[in-house]
Amino acid sequence: MLKNNISLLARLKKFGPENILLLIAGQSNARGSTNDTVPTEAYLNQVIPSTFIWTGSAFAQLQINVNNDSSTDNHGVELNFGYLSSRQRAGKVYIVKVTEGGTGFRDNKWNQNDANYNTLVTDANAAIANLNSNNIPFHFAGLYWNQGEKDTGGTNDEAEAYETNLSNFVTALRGDITGASNMRFMFTRLATYYTTRTTASDALKARAVVVRGKQDNANSSISNSDLIDQDDLTHHGDEIHANSASQNLLASRVFDLVKAKTDGGAALLITALLDALEARSGNFENRTGTTTILESFANITV
């Protein structure tokens, strides 16, 4: 009987408004260095509805200056991402955030088996195990990565190696994180204001242009990736760090990417179909071919 086929219904429900798991990683702009400026939006300065962040051993409801993994009165994309999801989606958001300012590949912080890399893998796998053990279904939305500045500060060869290092990073994560074999990779490109900084040497600015170009290349060479533009963002006066408004704009871009993937037309169709079937299962359960058709829907990958 269809109404008793829990496995089938569970698989179908993955298409509907669903819980999502988002990883956030990188250096200071991923962490959130907004010049000790909290959002002007009051709704971001309180507990974020339906949004939870991994604290190392459990998920806790997200709130600035409590557990959003930024220094006091600073924030990244996590606040507005969660808020937008709470307004536009039915599912909950689960976030794993691992960041450290001033870190990159050239200083051996994010390559496979480096300290930050290992923390990201450990936390992601622990969070996934927690969701699974608590029977919380979720869609793995992917990794949001904001980094690159550190790799402009070394040698020309280190800047030239950025695309290779980034590709190796993604490949390694896809192998080391549970269920991440085709993990979506959403990453930012260095803003133009960073490549033309008035306080930087010509050599550093030239390396910034190189890294920015390597990020463009990586969007083509890394499968299932999305490059996020930052050229229209504003900083808080240091030509490096995005201000609060720009972090919120970045959050909306990440959210749009995630929402487009999780709440497509197939999702709405299946959700409507499930509502009808669960409400009127007595009228549908004996119809020849119903279960076979639904099995086909359940095996669709989006």
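Conventions used here
- Residues numbered from 1 in each chain as written.
- Predicted model: local features only at pLDDT ≥ 70, side-chain atom pairs only at ≥ 80, totals over all residues.
- Heavy atoms only, no water.
- Buried < 20%, exposed > 50% of the residue type's maximum accessible area, 1.4 Å probe, protein only.
- Helix = DSSP H or I, 4+ residues; strand = E, 2+ residues; numbered from the N terminus.
- Pairing = 2+ DSSP bridges.
- Salt bridge = Lys/Arg side-chain N within 4 Å of Asp/Glu carboxyl O.
- Core = buried A, V, L, I, M, F, W, Y, C linked by side-chain atoms within 4.5 Å.
- Axes fitted to C-alpha atoms, helices over the stretch in contact; angles between N-to-C directions.
- Contact = heavy atoms within 4.5 Å.
- Phe/Tyr/Trp six-rings, centres within 6.5 Å; stacked < 30°, edge-to-face > 60°.
- Polar contact = N/O pair within 3.5 Å; in protein donor to acceptor, adjacent residues only side chain to side chain.
- pLDDT = per-residue confidence, 0-100.

1. Observations concerning the pairing of strand β5 (residues 139-146)
Consecutive side chains of a regular strand alternate in pointing toward one face of the sheet and then the other.
Piece 1. Counted residue by residue, β5 has 7 buried out of 8 residues, so it is predominantly covered.
Piece 2. Relative to β5, strand β1 (residues 20-26) runs parallel, the two sharing 7 bridges. Opposite Ala 25, over in β5, you have Trp 145 as the bridge partner.
Piece 3. As judged from the 3 bridges shared by β5 and strand β6 (residues 185-188), these two strands associate in the parallel manner.

2. Some remarks on the pattern of salt bridges
Piece 1. The full count for this structure, using the stated rule, is 11 salt bridges.
Piece 2. In this structure, Asp 69 and Arg 31 form a salt bridge, with 3.5 Å as the shortest nitrogen-oxygen distance. In this pair, Asp 69 is assigned in the loop between β3 (59-61) and α3 (78-88) and Arg 31 in helix α2 (residues 28-31), connecting sequence segments 38 residues apart.
Piece 3. Residue Asp 69 is classed as partly exposed on the basis of its relative accessible area of 28%.
Piece 4. Through salt bridges with shared partners, a single network forms among Arg 189, Arg 212, Asp 216, Asp 229 and Asp 231.

3. Observations concerning the nonpolar core
Piece 1. Counting residues in each nonpolar core, the largest one holds 69 residues, and the members touching the most others are Trp 145, Leu 166 and Phe 169.
Piece 2. Looking at this core, the element that brings in the most residues is helix α4 (residues 115-133), giving 7 residues.

4. Section: the sheet that holds strand β4 (residues 93-99)
Piece 1. Strands sit in the order β3-β2-β4-β1-β5-β6-β7 across an open sheet of 7 strands; the sheet is mixed. A single partner strand is all that each edge strand has here, and the edge strands are β3 and β7 (225-228). Neighbour-to-neighbour, the strand axes of this sheet turn through a mean angle of 25°, independent of strand direction.
Piece 2. Summarising the sheet, strand β2 (residues 51-54) and β3 pair through 3 bridges and their orientation is antiparallel. Looking across to β3, one finds that Ile 53 is bridged to Ala 60.
Piece 3. Against the sheet, α3 contacts β1, β2 and β4, and its axis sits at roughly 170° relative to β4.

5. Structural notes on the packing of aromatic side chains
Piece 1. For the coordinates displayed, the defined rule picks out 13 aromatic pairs.
Piece 2. Between Phe 105 and Tyr 162 the ring centres are 5.6 Å apart and the planes differ by 65°, which places this aromatic pair in the edge-to-face class. Linking Phe 105 in the loop between β4 and α4 with Tyr 162 in helix α6 (residues 162-176), this pair joins segments that are 57 residues apart in sequence. Considered together, Phe 105 and Tyr 162 belong to a single accessibility category, that of buried residues.
Piece 3. Members of the aromatic cluster, each reached through a chain of ring pairs, are Phe 105, Trp 110, Tyr 117, Trp 145, Tyr 162 and Phe 169.

6. Digging into the pairing of β6
Piece 1. Across the two faces of β6 the burial is the same, with Phe 185 and Phe 187 and Met 186 and Thr 188 all buried.
Piece 2. Direction of pairing for β6 relative to β7: parallel, over a ladder of 4 bridges. Considered in β7, the bridge of Met 186 is made with Asp 226.

7. What about the side chain of Asp 226?
Piece 1. Of note, Asp 226 is situated in strand β7.
Piece 2. Among the polar contacts listed, one links the side chain of Asp 226 to the side chain of Arg 184, at a separation of 2.8 Å.

8. Some words on the confidence of the model for the protein chain
Piece 1. When pLDDT is averaged along the protein chain, the result is 88, and 81% of the positions lie at 70 or above.
Piece 2. Low confidence marks residues 264-268, where pLDDT is under 50. Its contacts with residues over four positions away, or in another chain, come to 4 contacts.
Piece 3. Contacts of residues 283-302 to residues separated by more than four positions or lying in other chains number 34 contacts, the stretch itself having pLDDT below 50.

9. Considerations on the environment of Thr 40
Piece 1. Mapped onto the elements, Thr 40 comes out in the loop between α2 and β2.
Piece 2. The exposure class of Thr 40 is exposed, given its relative accessible area of 75%.
Piece 3. C-alpha separation for the pair Thr 40 and Ser 244, spaced 204 residues apart in sequence, amounts to 8.2 Å.

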